[in-house]
Amino acid sequence: MKVIIIGGGPAGCAAAYTVQKANHEAILFEASDTIGGRTKQLHREGFNLGTGALFLMGGIYPRTMALLREMGHIKKLVPWKGASELMDEDNSRYPVRLDKIFSFAKVPTLRSIDRLRLLATGIRLFFSPGAKNPFNGSQLATFDRGENLEDWSRKHLGARNYEYVMRPIMDFLYAVPLRQLSTPFPKALIKQAHKISLSTPPQGIGQISDWLVEHMPSENVHVSAPVERIARDGDCWQVFANGRSFSGDAVVIATEAFVAAGLLQEFISPDAHQRLMDTPYTEYAHVAVAYEEDPWPDYPVDIVLPVGVDGERDVGAMVLHGRRSPTSVPEGAQLVGVYFNTPPLADMSDDDIKNQAVKQVNKAFGQAPPPQFVHLFRYEKGLTIAKPGHYQSLDKVHDLLPPHIRLAGDYFSQAGVEAAIYSGERAANDILKSHAP
Ligand SMILES: Cc1cc2nc3c(=O)[nH]c(=O)nc-3n(C[C@H](O)[C@H](O)[C@H](O)COP(=O)(O)OP(=O)(O)OC[C@H]3O[C@@H](n4cnc5c(N)ncnc54)[C@H](O)[C@@H]3O)c2cc1C
């Protein structure tokens, strides 16, 4: 069987890998000039900048880890402790660890009653039903009660735990106000918090997509090949890219949801089309601030998370990448990632964002000489987010697709490489099953 895969992010690459593993032919089309999607790497002045994703989460990313093990690459992962500190409004610092989220309970601004509430809610969550896999949209859909994460956190954890525990963690992961997020994903994450360990491939997260397609014949990987249209061709499907048409028995569309909606418009119901179009993507910006000489070689933590600001804050997290991924910087250099929250971006120019990033870096880690360069990654549509009702709405789309077409992408759950890989494997396996004799 010949399966065409549209989109070369982790979802599409996982689909291609799965098809190829089953001894069928996979043909991949990627619009940009390299694969990797929002995980791809960009090289500038000797620095390896991640355009998007930063880390894997160990036991919480079971399919990603299983594929890395299967491909023989798992031992190459570089572990990262994610040692962090909360930076309060008055510049007080509180050490925490992102791979040990219960370390947040030690933050000194929390009172005994707050810690008790954290413990009680943690225990209650642990024993209550919830999604076993935080990246399986179908499972998440079952536990979506329409509640948003801010209301849930304030009600069950209280205002201080909301500000000093839930908000910094979610600011770091999603950079949108918690009232825009539904609850099943973070609840599933908390239930499995003991499985979290952070790591990154030596060349950055984008390397995962490279590994997934490394054994595909090069003529089957088409980059700089945006698919403009798909059409039925008897029992087969045709895709059109760069003025040529290609025929396949089945198609996996692993692009962003709105691109999939456009490609499928004439083959799906208005309802299914609308569900895909309604998938929210938030504006996103992060800034890479590069220093040829590390201004803070002895700084004790990897990440600074601002807390304690009433209302929206500009920046959700600042990360010393040289610690996370030593090979991403030239010897003795340092690279800081400054991750902005979505709401303030609407009123900020590119220069505002870059200036604010450098200012925040100096505040977080200490005054430094001017950086070697400041590189802004600004996405009009950066991260998918799961609002209350999101998973149910999208889960239904799987049943509304034409024959031999499947969709993959992180948007079926709550973003993340695991969500993408899980969905890519699922789409490919559905197709392989439907063609089995
Ligand atoms: C700043 C940032 C930080 C992040 N941090 C993390 C993290 O630390 N850990 C983590 O797990 N996740 C993280 N993520 C999320 C992660 O990057 C995404 O969940 C993941 O990349 C989604 O993979 P995907 O394959 O579904 O989509 P994408 O990566 O978006 O890939 C889709 C691909 O489809 C291609 N495409 C679009 N249209 C067409 C077309 N017509 N024809 C052909 N190709 C097309 C696109 O060019 C793209 O390459 C982060 C994301 C961002 C933006």
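Because the structure is predicted, anything quoted here is derived from the model rather than measured.

So, how was this worked out
Residues numbered from 1 in each chain as written. Predicted model: local features only at pLDDT ≥ 70, side-chain atom pairs only at ≥ 80, totals over all residues. Heavy atoms only, no water. Domains from an automatic or database assignment. Contact = heavy atoms within 4.5 Å. Buried area = accessible area lost by both parts, 1.4 Å probe. Salt bridge = Lys/Arg side-chain N within 4 Å of Asp/Glu carboxyl O. Polar contact = N/O pair within 3.5 Å; in protein donor to acceptor, adjacent residues only side chain to side chain. Patch = residues over 30% accessible without salt bridge, like charges linked within 9 Å, V, L, I, M, F, W, Y side chains within 5 Å. Areas by Shrake-Rupley, 256 points an atom, 1.4 Å probe, with all protein chains shown as cover. Buried < 20%, exposed > 50% of the residue type's maximum accessible area, 1.4 Å probe, protein only. Core = buried A, V, L, I, M, F, W, Y, C linked by side-chain atoms within 4.5 Å. Helix = DSSP H or I, 4+ residues; strand = E, 2+ residues; numbered from the N terminus. Axes fitted to C-alpha atoms, helices over the stretch in contact; angles between N-to-C directions. Parallel < 35°, antiparallel > 145°, perpendicular 65-115°, else oblique. Left-handed = near helix turned anticlockwise from the far one by under 90°. Nonpolar A, V, L, I, M, F, W, Y, C, P; charged D, E, K, R; others polar. Phe/Tyr/Trp six-rings, centres within 6.5 Å; stacked < 30°, edge-to-face > 60°. Lys NZ or Arg CZ within 6 Å of the ring centre and 35° of its normal. Pairing = 2+ DSSP bridges.

**Here's the deal with the domain arrangement of the protein**
Reports of interface size often rely on the accessible area that becomes lost once the parts have come together.
Moving on, step 1. For the protein, the assigned domains are domain 1 (2-40 + 205-279 + 386-435) and domain 2 (78-200 + 281-384).
Moving on, step 2. Averaged C-alpha coordinates put domain 1 and domain 2 at centres separated by 30 Å.
Moving on, step 3. The partner domain 2 presents 24 residues to the 24 residues of domain 1 that form the contact.
Moving on, step 4. Interface area for domain 1 against domain 2, summed over the two sides, is near 2,100 Å², with a carbon-plus-sulfur share of 56%.
Moving on, step 5. Per-residue buried area on domain 1 facing domain 2 is highest for Pro388, Tyr391 and Gln414; these three make up 28% of the total on that side.
Moving on, step 6. At the junction of domain 1 and domain 2, the tally comes to 0 salt bridges.
Moving on, step 7. There are 13 residue pairs in polar contact (both at pLDDT 80 or more) connecting domain 1 and domain 2.

**Concerning a nonpolar patch on the surface**
Moving on, step 1. Residues Leu116, Leu119, Ile123, Phe126 and Phe127 make up a contiguous nonpolar surface patch of about 570 Å² in total accessible area.
Moving on, step 2. By relative accessible area, which is 55% here, Leu116 ends up exposed.

**Comments concerning the nonpolar core**
Inside soluble globular proteins, nonpolar side chains tend to come together where they are buried.
Moving on, step 1. Core analysis: the largest hydrophobic core is formed by 91 residues, its most contacted members being Leu56, Leu86, Met170, Phe172, Tyr174, Leu212 and Val252.
Moving on, step 2. Considering each element in turn, this core owes the most residues, 9 residues, to helix H6 (residues 159-174).
Moving on, step 3. In this structure, this core is formed jointly by two domains, domain 1 (2-40 + 205-279 + 386-435) and domain 2 (78-200 + 281-384), each of which donates at least three residues.
Moving on, step 4. In contact with Leu212, not counting residues within four places along its chain, are Pro10, Cys13, Ala14, Tyr17, Leu67, Met71 and Ile421.
Moving on, step 5. By size, the runner-up hydrophobic cluster in this structure holds 29 residues, among which are Ala257, Ala260, Leu264 and Tyr411.

**Things to note about the packing of helix H1 (residues 10-21) against helix H15 (residues 417-435)**
Moving on, step 1. Two numbers describe how H1 lies on H15: the axes approach to 7 Å, and their chain directions differ by 40 degrees. In terms of their interaxial angle, H1 and H15 are classed as oblique. Along this stretch, H1 crosses H15, giving a crossing that reads as right-handed. Taking contact as the criterion, the partners of Pro10, Ala11, Ala14, Ala15, Thr18 and Val19 in H1 are, on H15, Ala420, Ile421, Ser423, Gly424, Glu425, Ala428, Asn429 and Leu432.
Moving on, step 2. In terms of residue class, the contact of H1 with H15 is built from 9 nonpolar, 4 polar and 1 charged.

**Remarks on helix H2 (residues 62-70)**
Moving on, step 1. Restricting attention to buried positions, one finds in H2 the residues Thr64, Met65, Ala66, Leu67 and Leu68.
Moving on, step 2. Where the residues of H2 are buried, they touch H1, strand E5 (56-58), strand E9 (196-200), helix H8 (206-213) and H15.

**Overview of the packing of aromatic side chains**
Moving on, step 1. Counted by the stated rule, this structure contains 15 aromatic pairs.
Moving on, step 2. Aromatic ring contacts, followed pair by pair, group Tyr61, Phe135, Tyr174 and Phe185 into a single cluster.
Moving on, step 3. Taking NZ or CZ as reference, Arg44 lies 4.1 Å from the ring centre of Phe373, over its face.
Moving on, step 4. When the ring centre of Phe258 is taken as reference, the NZ or CZ atom of Lys381 above it lies at 5.1 Å.

**Describing the sheet that holds strand E13 (residues 244-248)**
Moving on, step 1. Across the sheet, which stays open at both edges, the 3 strands sit in the order E11-E12-E13 with antiparallel pairing between neighbours. Each of the sheet's edge strands pairs with one partner strand only, and the pair in question is strand E11 (227-233) and E13. Between one strand and the next, the sheet's axes are offset by a mean angle of 25 degrees, whatever the strand orientation.
Moving on, step 2. With 5 bridges connecting them, strand E12 (residues 236-241) and E13 associate as antiparallel partners. Looking at E13, one finds that Val239 is bridged to Phe246.

**Examining unusual backbone geometry**
Moving on, step 1. Of note in this structure, Ala175 is not a glycine but carries a positive phi near 60 degrees.
Moving on, step 2. Judged by relative accessible area, which is 1%, Ala175 ranks as buried.
Moving on, step 3. Its identity as a non-glycine residue notwithstanding, His404 has a phi of 65 degrees, on the positive side.
Moving on, step 4. With respect to the helices and strands, His404 occurs in the loop between helix H14 (390-395) and strand E20 (405-407).
Moving on, step 5. Residue His404 is classed as partly exposed on the basis of its relative accessible area of 28%.

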